[in-house]
Amino acid sequence: MSTEGKNRVITTHVLYEMKLRGEKIAMLTAYDYSMARILDAAGIDVILVGDSASNVMAGHVSTLPITLNQMIYHATSVVKAVSKALVVVDLPFGTYQGNSKLALNSAIRIMKESGADAVKLEGGEEVIESVQRILSAGIPVMGHLGLMPQSIHKYGTYVVRAKDEVEAQKLTNDAHLLEKAGCFSLVLEKIPASLGARVASELKIPVIGIGAGGGVDGQVLVSHDMLGITQEFSPRFLRRYHNLYAEMMGSFQAYINDVKSKDFPNEREQY
Ligand code: KIV
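What comes next is a walk through the structure. (Residues numbered from 1 in each chain as written. Predicted model: local features only at pLDDT ≥ 70, side-chain atom pairs only at ≥ 80, totals over all residues. Heavy atoms only, no water.)

Some thoughts on the side chain of Thr-230
To keep it simple, the criterion reads: Secondary structure is summarised from DSSP: a helix means a run of H or I of at least four residues, a strand means a run of E of at least two, and numbering begins at the N terminus for each. Using a 1.4 Å probe on the protein chains alone, a residue whose accessible area is under 20% of its type maximum counts as buried, one over 50% counts as exposed, and one in between counts as partly exposed. Definition of a polar contact: a pair of N or O atoms within 3.5 Å, with one able to donate and the other able to accept a hydrogen when the atoms are protein atoms, and with sequence-neighbouring residues admitted only if both atoms are side-chain atoms. Note on contacts: a residue pair is in contact if any heavy atoms of the two residues lie within 4.5 Å.
As for its position among the elements, Thr-230 is in the loop between α10 (223-226) and α11 (244-260). Assessed through its relative accessible area of 14%, Thr-230 is described here as buried. Reaching out from Thr-230, the side chain makes a polar contact with the side chain of Asp-225 at a distance of 2.4 Å. Excluding anything up to four places from it in sequence, Thr-230 contacts His-224, Asp-225 and Arg-240.

As structure tokens, then:
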């Protein structure tokens, strides 16, 4: 049954209250119905339909190639499964930068066609017009600063961001700008823990970190990474809760052996 248009238990206001009472926010990614269903039943606060789908689902080396239509496809599948968590969807590369009208159209398409609760986009001052225009339509916006994977060609590397004072100051200014514009939350990716804690303490809106230390208001990871389905990606901030790659490999190999040896199907597994 579709939960599109349904009021979910976790709203942007609930996240704000969680920050006020010091309760940490747990966020993970999902791109499909089955994973989202398990996450929602587990009690996750926020599900991010991240543009990391470009890497994890489509096998691209960066997040740049994924399209708006593809993000809407993933988001629609996730929304069908979720009745409690807040569903946030990434605006993909090229659908909001440098053109606030395009940004609004992209955000409206996501909200209308998928039934999601909010959108996320990368950047501060450079995209503030887009942020304002989307917010003016009543669409909640989550910001994203620090390492911004959509700008990988500008950085040339995925190393820790904002280690020097100039970049740290710009990040802090951008964070305040996004809060002032009306963003309901902010993701900080791969920055020093001291900077993450400082920004979280200065802002009233919840700050969710990925490699931003323990002093922020919540944490996010890519589900496929924390489950150990992906193997090649091992940054320091990633805690692996399982080695699903090995588990799945074992199951697939056992199935192949069973078919080849004619052990499957047995008497009870046929009509
Ligand atoms: O796309 C994504 O999964 C993200 C998280 C890493 C925050 O933006």
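Section: the nonpolar core
Inclusion rule: Definition used in this section: a nonpolar core is a set of buried Ala, Val, Leu, Ile, Met, Phe, Trp, Tyr and Cys residues joined via side-chain atoms within 4.5 Å.
Within the largest apolar cluster, 59 residues are counted, with the highest numbers of intra-cluster contacts made by Ile-47, Val-131, Ile-134, Leu-186 and Leu-188. Ranked by residue count, the leading element in this core is helix α4 (residues 68-81), at seven residues. With 16 residues, the next largest nonpolar core counts Ile-25, Met-27, Ala-118 and Ile-210 among its residues.

A word on the environment of Ser-34
By the element assignment, Ser-34 lies in helix α2 (residues 33-42). Since its relative accessible area comes to 49%, Ser-34 is described here as partly exposed. Between the C-alpha atom of Ser-34 and that of Leu-227, which follows or precedes it by 193 residues, the distance is 15 Å.

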